[in-house]
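So the chains spell out like this:
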Amino acid sequence: MIMTSSMTFEPVLKRIAREVEQLPGRGRPADYIPVLAARDPRRFGMAVAELDGTVYGVGDWREPFSAQSITKVFTLALDLAREGDALWEHVGREPSGNPFNSLVQLEYENGIPRNPFINAGALVVTDRLHTRTGDAAGELLAFLRAESGNPGLGFDTQVAASENAHGDRNAALAHFMAAYGNIGNPVPELLDQYFRQCSISASCADLALATGFLARHGIRADGGRLLTRSQAKQVNAVMLTCGTYDAAGEFAYRVGLPGKSGVGGGIIAVVPGRCTLCVWSPGLDERGNSVAGVAALDRFTTLTGLSVF
Ligand code: GLU
């Protein structure tokens, strides 16, 4: 079934949901944030949003879940839109080859994180956005509400508090980078911003719609421009190479799209010029990516022929 522009996505989504239902193992929900550990790994939802905001879905596609690291894409875009290339002096854009919360590389590389999607890099981006806006998490939430058309999106204070209570590693990363002069705000203030950012609760429909600007080459839902065409390409490229933890090579091989996952079990993906996707299922593999989510995106690109390759 190769997609043409006049086809609806509904049949392909239904077929994927049926196939995913048969998947033998579903992985395990993240347990380092206790509130997330309680989610049922058999939940599954998937949404596809067209460039004009038409959205299709299957399963639990309207059920809110914890967006977690998916939000790193949006803070990156919001900061890049403000400061442009100067950002890249403070964070790199190479895959790390290390777990998302690793400290080791930071010392060798003088407090400059490898990329904006490992925690250290995301902390730098949030710090810079916070300096520019005075409220990075609030800026992010306003953006997600506007792009999804859902004014009900909000922070999950229980998830944020839970992360704060188990946040020693993120605190260590932030303090370490502050020692190198790569963090501008007081660390406790930055961590509060970062944990609230990660705690945002949104559905597949919300996140597929909010990602639309990356398929529209930088253009927001209201027609205004957030990123230049070239910056939208850059964000997509960093998603492709660094967006799925230490498994970005495998994800590119199987799915062939820029994507970003989070430990809540969500994954967003972009078909530039065509559509955006979000899939959610809380069971994670050993690298931290949703088992059913990766399988569903793999099937989507195989069945539709929609990929960047
Ligand atoms: N809030 C999480 C953390 O910093 C984000 C993890 C993720 O989704 O990768 O540990």
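In short, a report on the structure. Note that this is a predicted model, so its numbers are computed, not measured. (Residues numbered from 1 in each chain as written. Predicted model: local features only at pLDDT ≥ 70, side-chain atom pairs only at ≥ 80, totals over all residues. Heavy atoms only, no water.)

Time to look at the overall build of the protein chain. The secondary structure content of the protein chain amounts to 14 helices and seven strands. Computed over C-alpha atoms, the radius of gyration of the protein chain comes to 18 Å, within 12% of the 19 Å expected from 2.2 N^0.38 for 309 residues, which places it in the range of a compact globule. Taken along its principal axes, the extent of the C-alpha atoms in the protein chain is 55 × 40 × 35 Å. Surface summary for the protein chain: the accessible area is close to 11900 Å², and the carbon and sulfur share equals 50%. (Helix = DSSP H or I, 4+ residues; strand = E, 2+ residues; numbered from the N terminus. Rg over C-alpha atoms; globule rule 2.2 N^0.38 Å. Areas by Shrake-Rupley, 256 points an atom, 1.4 Å probe, with all protein chains shown as cover.)

Over its 14 residues, helix α12 (residues 229-242) extends 20 Å from the first C-alpha to the last, a length consistent with the 20 Å expected when each residue adds 1.5 Å. All of the buried residues in α12 are Q231, A232, V235, N236, V238, M239 and C242. Down the axis, α12 shows its buried residues gathered within 160 degrees of arc, on one side only. Exposed and oriented more than 90 degrees from the buried face of α12 are R229 and K233. Of the surrounding elements, those touching the buried residues of α12 are α3 (71-83), α11 (212-215), α13 (248-254), β5 (259-261) and β6 (266-271). (Expected span 1.5 Å × (residues − 1). Buried < 20%, exposed > 50% of the residue type's maximum accessible area, 1.4 Å probe, protein only. Arc of directions from axis to C-beta. Contact = heavy atoms within 4.5 Å.)

This part is about the layout of surface pockets. Volume-wise, the largest pocket comes out at about 280 Å³. The wall of the largest pocket is formed by 15 residues, among which F100, D285, E286, R287 and G288 lie closest to the centre. When grouped by side-chain class, the residues that make up the lining of the largest pocket number eight nonpolar, one polar and six charged. (1 Å grid on protein atoms, 1.4 Å probe; cavity = no way out; pocket = protein on both sides within 12 Å on 5 of 7 lines; lining within 4 Å. Points joined across faces, edges and corners; volume = space filled by probe spheres on them. Nonpolar A, V, L, I, M, F, W, Y, C, P; charged D, E, K, R; others polar.)

What follows concerns the packing of helix α5 (residues 119-133) against helix α8 (residues 168-179). As a packed pair, α5 and α8 sit with axes 10 Å apart at the nearest point and diverge in direction by 60 degrees. Handedness of the α5/α8 crossing: right-handed. Here α5 contributes N119, A120, L123 and V124 to the contact with α8, which in turn contributes N170, L173, A174 and M177. A class-by-class count of the residues in the contact of α5 with α8 yields six nonpolar, two polar and no charged. (Axes fitted to C-alpha atoms, helices over the stretch in contact; angles between N-to-C directions. Left-handed = near helix turned anticlockwise from the far one by under 90°.)

Even without glycine at this site, Q68 takes up a positive phi of about 50 degrees. Checked against the element boundaries, Q68 lands in the loop between β3 (65-66) and α3. The class of Q68 is buried, set by a relative accessible area of 2%.

Once that is clear, we can look at the pattern of salt bridges. As enumerated under the stated definition, the model contains 15 salt bridges in all. A salt bridge links R43 to E63, with the shortest nitrogen-to-oxygen separation between them at 3.1 Å. Of this pair, R43 sits in the loop between α2 (34-37) and β1 (45-50) while E63 sits in the loop between β2 (55-59) and β3, placing them 20 residues apart in sequence. Given the relative accessible area of 26%, E63 is considered partly exposed. (Salt bridge = Lys/Arg side-chain N within 4 Å of Asp/Glu carboxyl O.)

Another aspect to go through is the packing of aromatic side chains. Inspection of the entire model under this criterion finds eight aromatic pairs. Ring centres of F176 and Y180 lie 5.5 Å apart, and the angle between their planes is 70 degrees; this geometry places the pair in the edge-to-face category. Residue classification places F176 among the partly exposed residues on the basis of a relative accessible area of 25%. An aromatic cluster is defined as three or more aromatic residues linked by ring pairs; in this entry it consists of F9, Y56 and F300. The ring of F155 has R196 lying over it, and the distance from NZ or CZ to the ring centre is 5.0 Å. Over the aromatic face of Y245 sits the side chain of K260, whose NZ or CZ is 4.7 Å from the ring centroid. (Phe/Tyr/Trp six-rings, centres within 6.5 Å; stacked < 30°, edge-to-face > 60°. Lys NZ or Arg CZ within 6 Å of the ring centre and 35° of its normal.)

According to the stated counting rule, one finds three cavities of 30 Å³ or more in the structure shown. The computed volume of the largest cavity comes to approximately 80 Å³. Along the wall of the largest cavity there are 14 residues; nearest its centre are S96, S102, Q105, L106 and I118. Partitioned by chemical class, the residues of the lining of the largest cavity number seven nonpolar, five polar and two charged.

Taken together, the residues surrounding the ligand are Y32, Q68, S69, F100, N119, E163, N170, Y194, C198, Y245, G262 and V263. Within the side chain of Y32, a nitrogen or oxygen atom sits 2.7 Å from an oxygen atom of the ligand. For the shell around the ligand, the class distribution of residues is six nonpolar, five polar and one charged. (Near = heavy atom within 4 Å. Polar contact = N/O pair within 3.5 Å; in protein donor to acceptor, adjacent residues only side chain to side chain.)

Once that is clear, we can look at the nonpolar core. By size, the foremost hydrophobic cluster in this structure holds 62 residues, and its most contacted members are F74, L207, L214 and L227. Among all residues touching L227, those that are not within four sequence positions of it are A77, L80, A81, F213, L214, H217, G218, A232 and V235. One finds Y56, V271, L277 and L297 within the second-largest nonpolar core, a separate group that totals 27 residues. (Core = buried A, V, L, I, M, F, W, Y, C linked by side-chain atoms within 4.5 Å.)

Turning next to the packing of helix α6 (residues 136-148) against helix α9 (residues 187-199). When two helices pack together, their arrangement is given by the angle between their axes and by how far apart the axes lie. Here α6 crosses α9 at 20 degrees, and the two axes come no closer than 8 Å. Relative to α9, α6 is oriented roughly parallel. In the crossing of α6 with α9, the sense of the turn from one axis to the other is right-handed. Contact residues: A136, A137 and L140 in α6; Q193, R196 and Q197 in α9. In terms of residue class, the contact of α6 with α9 is made up of three nonpolar, two polar and one charged. (Parallel < 35°, antiparallel > 145°, perpendicular 65-115°, else oblique.)

So far we have only geometry, and geometry alone does not tell us how the molecule works.
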